[in-house]
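# Structural overview for review
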Amino acid sequence: MVVHAEPPSEPDMSRQWRQSAPRLDPDTAEYFRRALETLEEGAERGGARPSSQGGGAKGKEGGAKSKGGVVTARGAELPPSFRPLLEELAQGLEQQIPALLSPACASLCLQGALRALHRSQSPSCARFCRALIGCLSQDSPAHDQSPLLTSLQDPDRSRLLEAAMTVLDPPGLRELFRGHLRGHLRGVASHRVANHGLQRLLDHAPEDVVSEVLSELGPALQEPLARGHPGVILALLGAALRHPRLQGEALRSLFQALRCWAPPHHPHCVTALAQLRPLEGGDSGEEAEPELLLHFRDPAPIVGGLRALPRPALPGLARSPPGSRIWDAILGSPNVPKNDKKRLLKRLKGHWGALAMDKSGSRVLDTAWACSPLQQRVQMASELAPLLPRLLRDPLGRGVARRLSLELFLRLRPRWEGLQRGRGLQL
């Protein structure tokens, strides 16, 4: 595709890149990175789904709609020259990758370019990724390991590899794993920098790659845990959640790492898991391990462990931020049987008043209320209504009393039941 019908008055972008090596200072790199982010946003809003006509349909004043029926924001359409210029930018950056690997500020520009190319669905994205990985796989000072492993352990270059893994296609991820990482996973998972690259790989890897990682790393999961890298475990569980056939093996490996695979020790696993911190950033989300496991096809080990906890433990779990998210997962997971949900909720009886005046506990109360049938709501309201004066003096309790209409419950209970009937969702 020809971008200029006539010779331009100034040299084009690719010629400028060829004529001079990039010399980016931090201020220039920051400006360039922000420009790439602007391109990325524009590609996502207006150019990520072009119509088959090329360039899309013109929008109307009330909001644009492409011929394929996709609604875009007003003013989000990109000029026809955007894609050719983005491809030209990618070509120029690709030619200068070796010179852009060393400065940390230039690394940010490469990361921004990867995201912009990926979100614009550019055909150059895969080529750019492979060129970047190829450059990072060369010239390693350590002769006993892959050059890419050395790059993965470098704080600056590892960020580039992580950015490439988030946009690389499954064949590319498979090639990267089998060519460079297979056989070295224990060291990678325990390394303070390289373990983040392994997490990104697991966030996007196809099932066969995750299976190989699980086979190699599963028997040694206690090593990254001992080094303070629970994010590796979380990423592995998140990958197993995406690929259900691997969930049984992942659960067994995790419980063996925590030395509680035998059913009588499952409560100790729940306690240990609740103390682990979620992944620092990344694509796996913010859920802790017990929450992910409750969404597995068979959450019985975790549910059984929760039921086996001492009686005060479940209300205490509801009053902690990580524990309240576990309760949300229990009540929201379709894989947890209804009877188990009811049995666990009964363990909160007598504690609803304390939960109503606690930041995390009030959230658990709201979740339990929202998914409870009328009979369960009557029981909860009957426990809370005598505490109404105390609840009204507490900011959190006042909100709970208003949402549950406790004053109406005390004054006109038949009317309250009429309003609540049919609102609750069956557990």
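Residues numbered from 1 in each chain as written. Predicted model: local features only at pLDDT ≥ 70, side-chain atom pairs only at ≥ 80, totals over all residues. Heavy atoms only, no water.

### Focus: the overall build of the protein
Under the convention used in this document: Only DSSP runs of H or I with at least four residues qualify as helices, and only runs of E with at least two residues qualify as strands; both kinds are numbered from the N terminus onward. Think of it in three bands: with a 1.4 Å probe and only protein chains considered, a residue is buried below 20% of the maximum accessible area for its type, exposed above 50%, and partly exposed in between. Contacts are residue-level and defined by heavy atoms, with any inter-residue pair within 4.5 Å sufficient.
Assigned secondary structure in the protein consists of 28 helices and 2 strands. Here the protein holds 427 residues, and 46% of them are scored as buried. Here the contacts in the protein between residues at least 6 apart in sequence split such that 70% fall between residues at least 24 apart.

### Details of the packing of aromatic side chains
Condition: Aromatic pairs are defined between Phe, Tyr and Trp rings, using the six-membered ring for Trp, whenever the two ring centres lie within 6.5 Å; interplanar angles under 30 degrees are classed as stacked, those over 60 as edge-to-face, and all others as tilted.
According to the stated counting rule, one finds 2 aromatic pairs in the structure shown. For the pair Phe 409 and Trp 416, a centre-to-centre distance of 4.8 Å together with 80° between the ring planes defines the contact as edge-to-face. Taking the relative accessible area as the measure of exposure, Trp 416 reaches 1% and is therefore buried. Ring pairing ties together the aromatic residues Trp 369, Phe 409 and Trp 416, which thus form one cluster.

### Focus: the packing of helix H6 (residues 124-136) against helix H8 (residues 155-167)
Rules: Note on definitions: angles span 0 to 180 degrees between N-to-C directions of axes, and those axes are lines fitted to C-alpha atoms, for helices only across the stretch in contact. Convention used here: angles under 35 degrees read as roughly parallel, angles over 145 as roughly antiparallel, angles from 65 to 115 as roughly perpendicular, and any remaining angle as oblique. For a crossing to be left-handed, the near helix must be turned anticlockwise from the far one by less than a right angle; the clockwise case is right-handed. In the scheme used here, Gly and all other residues not listed as nonpolar or charged are polar, with Ala, Val, Leu, Ile, Met, Phe, Trp, Tyr, Cys and Pro taken as nonpolar and Asp, Glu, Lys and Arg as charged.
The interhelical angle for the contact between H6 and H8, taken along N-to-C directions, is 150°, at an axis separation of 10 Å. Here H8 runs roughly antiparallel to H6, going by the angle between their axes. Remark: the crossing between H6 and H8 carries left-handed chirality. Each of Cys 125, Cys 129, Leu 132, Ile 133 and Leu 136 in H6 lies in contact with H8, whose residues at this interface are Arg 157, Leu 160, Leu 161, Ala 164 and Val 167. Of the residues in the contact of H6 with H8, the class split is 9 nonpolar, no polar and 1 charged.

### Regarding a positive patch on the surface
Our working rule: Here a patch means residues that are over 30% exposed by relative accessible area and free of salt bridges, tied together within 9 Å if like-charged and within 5 Å if nonpolar (Val, Leu, Ile, Met, Phe, Trp, Tyr). Note on areas: Shrake-Rupley with a 1.4 Å probe; residue coverage comes only from the protein chains shown. By convention in these notes, a salt bridge is any Lys or Arg side-chain nitrogen within 4 Å of a carboxyl oxygen on Asp or Glu. Residues scored as positive are Lys and Arg, those scored as negative are Asp and Glu, and His as well as the terminal groups of each chain are ignored. Just so you know, the charge point we use is NZ for Lys, CZ for Arg, CG for Asp and CD for Glu.
On the surface, Lys 338, Lys 342, Lys 346 and Lys 349 cluster together into a positively charged patch. With respect to the helices and strands, the residue Lys 349 is situated in the loop between helix H21 (338-346) and helix H22 (352-356). For Lys 349, a relative accessible area of 65% gives the class exposed.

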